[in-house]
Amino acid sequence: MPGPKGTYDVLPGSEFGATALVREALLAPARLAGYADAEAPVFEATELFARGVGESTDVVTKEMFTFSDRGDRSLTLRPEGTVGVLRAALDAGLHKGQLPAKLRYAGPMFRAERPQSGRYRQFQQVGVEAIGLDDPALDAEVVALGFQAFAGLGLTRVRLLLTSLGDASCRPAYREQLAAFLDGLELDEDTRRRATLNPLRVLDDKRPEVQAQLAGAPLMVDALCAPCQEHFSAVRSGLDALGVAYELAPRLVRGLDYYMRTTFEFVHDGLGAQSAVGGGGRYDGLAELIGGPQVPGIGWALGVERTVLALRAEGVEPPAEPGLSVFVVPLGAPAKAYAVGLVGSLRRAGIASDLAYGDRGLKGAMKAADRSGAAYAVVVGDRDLDAGQAQLKDLREHTQVSVPLDDLVSHLEGLL
Ligand code: HAM
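Residues numbered from 1 in each chain as written. Predicted model: local features only at pLDDT ≥ 70, side-chain atom pairs only at ≥ 80, totals over all residues. Heavy atoms only, no water.

Caption draft 1: Structural context of the overall build of the protein chain. Assigned secondary structure in the protein chain consists of 15 helices and 16 strands. Relative to a compact globule of 416 residues, whose C-alpha radius of gyration would be 22 Å, the protein chain shows 27 Å and is clearly more extended. Taken over the C-alpha atoms alone, the protein chain extends approximately 90 × 45 × 45 Å along its principal axes. Per-residue burial for the protein chain yields a buried fraction of 48% across its 416 residues. For the protein chain, restricting intrachain contacts to residue pairs at least 6 apart in sequence, the fraction spanning at least 24 positions comes to 70%. For the protein chain, the exposed area adds up to about 19700 Å²; of that, 53% sits on carbon and sulfur atoms. (Helix = DSSP H or I, 4+ residues; strand = E, 2+ residues; numbered from the N terminus. Rg over C-alpha atoms; globule rule 2.2 N^0.38 Å. Buried < 20%, exposed > 50% of the residue type's maximum accessible area, 1.4 Å probe, protein only. Contact = heavy atoms within 4.5 Å. Areas by Shrake-Rupley, 256 points an atom, 1.4 Å probe, with all protein chains shown as cover.)

Caption draft 2: A look at helix H4 (residues 82-91). Burial analysis of H4 places 7 of its 10 residues in the buried class, which makes it a mostly covered element. The set of residues buried in H4 consists of Thr 82, Val 83, Gly 84, Val 85, Leu 86, Ala 89 and Leu 90. In the core, the buried residues of H4 are packed alongside strand E2 (43-45), helix H2 (46-53), strand E5 (101-110), strand E6 (122-131) and helix H10 (286-289). Just beyond H4, the residue with positive phi is Gly 93, at close to 75 degrees.

Caption draft 3: Highlighting the sheet that holds E6. The strand order across the open sheet built from 8 strands is E1-E5-E6-E11-E10-E9-E7-E8, with neighbouring strands paired in mixed fashion. The sheet terminates laterally at strand E1 (36-37) and strand E8 (247-248), the two strands that pair on one side only. Relative to strand E11 (residues 297-303), E6 runs antiparallel, the two sharing 7 bridges. Bridging across to E11, Ile 131 finds its partner in Gly 297. The strands touched by helix H5 (residues 136-152) within the sheet are E5, E6, strand E7 (158-164), strand E9 (260-268), strand E10 (276-282) and E11, with E11 carrying the most contacts at an inclination of about 10 degrees. (Pairing = 2+ DSSP bridges. Axes fitted to C-alpha atoms, helices over the stretch in contact; angles between N-to-C directions.)

Caption draft 4: Just unusual backbone geometry, in detail. Omega for the peptide link from Leu 99 to Pro 100 comes to 0 degrees, which places this bond in the cis form. Relative to the elements of secondary structure, Pro 100 occurs in the loop between H4 and E5. A positive phi angle, close to 55 degrees, is found at Arg 261, a residue other than glycine. As for its position among the elements, Arg 261 is in strand E9. The buried category is assigned to Arg 261, whose relative accessible area is 11%. Of note, the phi angle at His 398 is positive, near 55 degrees, even though the residue is not glycine. Here His 398 is to be found in the loop between strand E15 (389-394) and strand E16 (399-404).

Caption draft 5: Fine view of the packing of helix H1 (residues 19-32) against H5. Between H1 and H5, the shortest axis-to-axis distance is 8 Å and the interhelical angle comes to 140 degrees. Put simply, H1 runs oblique to H5. Here H1 and H5 pass one another in a crossing that is right-handed. Here Leu 26, Pro 29 and Ala 30 of H1 lie close against H5, whose contacting residues are Leu 145, Gln 148, Ala 149 and Phe 150. Of the residues in the contact of H1 with H5, the class split is 6 nonpolar, 1 polar and no charged. (Parallel < 35°, antiparallel > 145°, perpendicular 65-115°, else oblique. Left-handed = near helix turned anticlockwise from the far one by under 90°. Nonpolar A, V, L, I, M, F, W, Y, C, P; charged D, E, K, R; others polar.)

Caption draft 6: Representation of the environment of Leu 286 in the model. When you line up the elements, Leu 286 lands in helix H10. Along the backbone, Leu 286 and Gly 52 are 234 residues apart, and their C-alpha atoms lie at a distance of 6.2 Å. Other than its neighbours up to four places away in sequence, Leu 286 contacts Gly 52, Thr 82, Val 83, Leu 86 and Tyr 258.

Caption draft 7: Geometry of the site of the ligand. Close to the ligand lie 26 residues, the nearest being Glu 80, Thr 82, Glu 113, Arg 254 and Tyr 259. Contact distances for the ligand include 2.8 Å between an oxygen atom and a side-chain N or O atom of Arg 254. Gly 299 has a polar backbone atom sitting 3.4 Å from a nitrogen atom of the ligand. Out of a free accessible area of 660 Å², the ligand has 96% covered by protein chains. (Near = heavy atom within 4 Å. Polar contact = N/O pair within 3.5 Å; in protein donor to acceptor, adjacent residues only side chain to side chain.)

Caption draft 8: Looking closely at the layout of surface pockets. Volume-wise, the second largest pocket comes out at about 460 Å³. At the level of elements, H2, helix H6 (171-183) and H10 are the ones that each hand at least two residues to the lining of the second largest pocket. Considering each element in turn, the lining of the second largest pocket owes the most residues, 3 residues, to H6. Here the residues of the lining of the second largest pocket are counted per class, giving 13 nonpolar, 5 polar and 7 charged. (1 Å grid on protein atoms, 1.4 Å probe; cavity = no way out; pocket = protein on both sides within 12 Å on 5 of 7 lines; lining within 4 Å. Points joined across faces, edges and corners; volume = space filled by probe spheres on them.)

Shown next as structure tokens:
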């Protein structure tokens, strides 16, 4: 029986079987930069996302998994992590402590999108949020950490798209300018409605007939106020200092409404339609939108499944668990009892080991040893026990030696 539409199961050998280490690797650069682990609930009050993510977004209007709890409160499975992490940080008063508050997180997000390759209804993100300062050097750090996250996994075809979306002092005028421009175009009803809610979103329309009309559209980067211009140029200098290459993308529009100033996306060209492997930006107005004080912040989230697909597209092996080193094969009941104790000792010595359960014969147990991926098999029969010996097989070299039982653990420690 398959799981719900748009979901997948993580199992050995499944498409996304190795995601735990990928998540860890993606967050490793942030750990080196002082980002601490954070976790917010998987569900929050619906209103939090409606206000924070924005009423004009597809995420809020079409994609939320919303339900009522037994007290008739409307709750929603988080479609993204920023709003919840910021709520948690404000709730704990982190914005009154040492700034910036640097947080990193990983976990499942939920969006009722049309499933396709690289797009799921339950998907995993890792993310960072740096809360409390609007220092452009911090923007450069955050963007660079995203860039390094992919580079650290061995990906070489991730491109960084960068722009500035202005702030509360310059964006309203630009918005009007864009709205006036859009008024003069031939747009369908639906697109007109989107233009009224948020004209910037129309710039993201992928249809060629719309794109053709947008060729001469005014751009936010040409309408930035002086402080925003200054901020953007400082971010760019910071990225240059950090050796991070970027492409200016003045038409970049993100799917969430809270962005201000620095805004960016990481794209991979080997993924087809779902090319965004990550994205983020500054959200200086978000804390107020969700009922908090004026607290700036910047962060990103990276898609874990799309990162795995990108690794596959580039032919790069994802990080893997080291696997088993030793597989113990007991033959007979006394040997079985001994083997149970032996794997206990091996594991206490830090040696990954397993044993042939199920009392199979030698042939079946040796097949299990081969399939286990272990480098060595220890075969003990009742007669070996009497002699105080075990047979140690090197499963790769196909050689075998007798080793005294008392020396087995130290002998294997020496080999591994
Ligand atoms: P986002 O661009 O909506 O940003 O999502 C970030 C990444 O999550 C995307 O680039 C993509 O890789 C992955 N993703 C999104 N939706 C899906 C899906 N349905 N299936 C698979 N992967 C998906 C955010 O969520 C912001 N919270 C980022 C941020 C943090 N901004 C500031 N701080």
